[in-house]
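# Coordinate analysis (summary)
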Amino acid sequence: SQELEQSPQSLIVQEGKNLTINCTSSKTLYGLYWYKQKYGEGLIFLMMLQKGGEEKSHEKITAKLDEKKQQSSLHITASQPSHAGIYLCGAAFSGSARQLTFGSGTQLTVLP
Amino acid sequence: DSGVTQTPKHLITATGQRVTLRCSPRSGDLSVYWYQQSLDQGLQFLIQYYNGEERAKGNILERFSAQQFPDLHSELNLSSLELGDSALYFCASSVFDRVGGNTIYFGEGSWLTVV
């Protein structure tokens, strides 16, 4: 979706390295969701951010929401092969409705 | 396991045929969403139901329809199938809580191949 741009499209990192994935919206965000997907499988919910400046962490994954920039970043610390997959951001552009518009995804490969 | 159950996991059918995909939401979730994921279009919202009523429509073709039943399970009906309908179809359900907000969980998807 052009309303939601994800970058980079793909990322190859060495195990143990840190990495960041960005998701930028052209519209006001009412909620920003991060999911992880293995090819052909279901989406695994990671985190949801609602308020500007909000930051959430789960294990080695941290997500932040910059309200001014209408942008979210997903940061993985000390990456592991288990982090490999497709990371998708999904945006809610309405406060009441929760249908999500998704970015095109970031393919992450972690080399052992 | 997200708690959202979809059947069948895989389906192969011929052009012109009709199929029904089934979804059982997480226990207690009133909202059900359907999404289509294809290589060229990415992940796109199709339709949302809330407690049996249609709440929102996205890029859903007229050949497709959905409904949510009183027990909250949902079905997505795809008819007059074309090769381009081949995709991974996801169901998602959501629950709202004051602390976490509106968390949306996805099922494993139904792979549809039209030949």
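Refer to the structure above for everything that follows.
Basis of the calculations
Residues numbered from 1 in each chain as written. Chains lettered and ligands numbered in written order. Predicted model: local features only at pLDDT ≥ 70, side-chain atom pairs only at ≥ 80, totals over all residues. Heavy atoms only, no water. Contact = heavy atoms within 4.5 Å. Buried area = accessible area lost by both parts, 1.4 Å probe. Salt bridge = Lys/Arg side-chain N within 4 Å of Asp/Glu carboxyl O. Polar contact = N/O pair within 3.5 Å; in protein donor to acceptor, adjacent residues only side chain to side chain. Pairing = 2+ DSSP bridges. Helix = DSSP H or I, 4+ residues; strand = E, 2+ residues; numbered from the N terminus. Axes fitted to C-alpha atoms, helices over the stretch in contact; angles between N-to-C directions. 1 Å grid on protein atoms, 1.4 Å probe; cavity = no way out; pocket = protein on both sides within 12 Å on 5 of 7 lines; lining within 4 Å. Points joined across faces, edges and corners; volume = space filled by probe spheres on them. Nonpolar A, V, L, I, M, F, W, Y, C, P; charged D, E, K, R; others polar. Buried < 20%, exposed > 50% of the residue type's maximum accessible area, 1.4 Å probe, protein only. Disulfide = S-S within 2.5 Å.

## Some words on the interface of chain B and chain A
By a frequent convention, interface size equals the accessible area lost on bringing the separate parts together. Residue-level contacts link 19 residues of chain B with 16 residues of chain A. Summed over both sides, the interface between chain B and chain A buries roughly 1,500 Å², with carbon and sulfur atoms accounting for 59% of that surface. One can count zero salt bridges joining chain B with chain A. Summed over the shared surface of chain B and chain A, the result is four residue pairs in polar contact (both at pLDDT 80 or more).

## Observations regarding the sheet that holds strand β6 (residues 55-58) of chain A
Residue and element names in this part refer to chain A. What the five strands build is an open sheet, ordered β1-β3-β8-β7-β6; its pairing is antiparallel. This sheet does not close on itself; its edge strands, each paired only once, are β1 (4-7) and β6. If you compare each strand with its neighbour and ignore which way they point, the axes differ by 15 degrees on average. Here six bridges tie strand β3 (residues 19-25) to strand β8 (residues 71-76), and the two strands are oriented antiparallel to one another. Its bridge partner being in β8, C23 is matched across the sheet by S72.

## A short note on empty space enclosed by the protein
Residue and element names in this part refer to chain A. Applying the stated rule across the entire model yields one cavity of 30 Å³ or more. In this structure, the largest cavity occupies an estimated 40 Å³ of space. Taken together, L29, Q50, G52, L65, D66, E67 and Q70 make up the full set of residues lining the largest cavity. For the lining of the largest cavity, the per-class residue count stands at two nonpolar, three polar and two charged.

## Quick notes on the environment of B:S31
Residues and elements named next belong to chain B. Structurally, the position occupied by S31 is in strand β4 (residues 31-38). Relative accessible area serves as the criterion here: at 6%, S31 is assigned to the buried category. There is a polar contact of 3.3 Å between the side chain of S31 and the side chain of Q48.

## Section: the pairing of β1(A)
Residues and elements named next belong to chain A. Burial along β1 is one-sided: L4 and Q6 are buried, and none of E5 and S7, which face the opposite way, are. Strand direction decides the pairing type here: β1 and β3, joined by four bridges, are antiparallel. Each residue of the ladder has a partner; that of S7, found in β3, is N22.

## Points about the state of the cysteines
Residue and element names in this part refer to chain B. Summed over all chains, the structure comprises two disulfides over all chains. Note on cysteine connectivity: C23 is disulfide-linked to C91, with sulfurs 1.8 Å apart. With the S-S bond torsion at -60 degrees, the cross-link from C23 to C91 turns out left-handed. Pair noted here: C23 is in strand β3 (residues 19-24) and C91 is in strand β9 (residues 87-97), with a separation of 68 residues, a long-range link. Each of the two residues, C23 as well as C91, counts as buried.

## Considerations on the pattern of salt bridges
Residue and element names in this part refer to chain B. Enumeration over the complete set of coordinates arrives at five salt bridges over all chains. The shortest N-O distance in the salt bridge between D29 and R26 comes to 3.5 Å. Residue D29 is classed as buried on the basis of its relative accessible area, which comes to 2%. Of the charged contacts, one joins R63 and E82 as a salt bridge, the two residues approaching to 3.7 Å between their closest N and O atoms. On the criterion of sequence distance, the pair formed by R63 in the loop between β6 (53-57) and β7 (64-68) and E82 in the loop between β8 (74-78) and β9 is long-range, its members being 19 residues apart.

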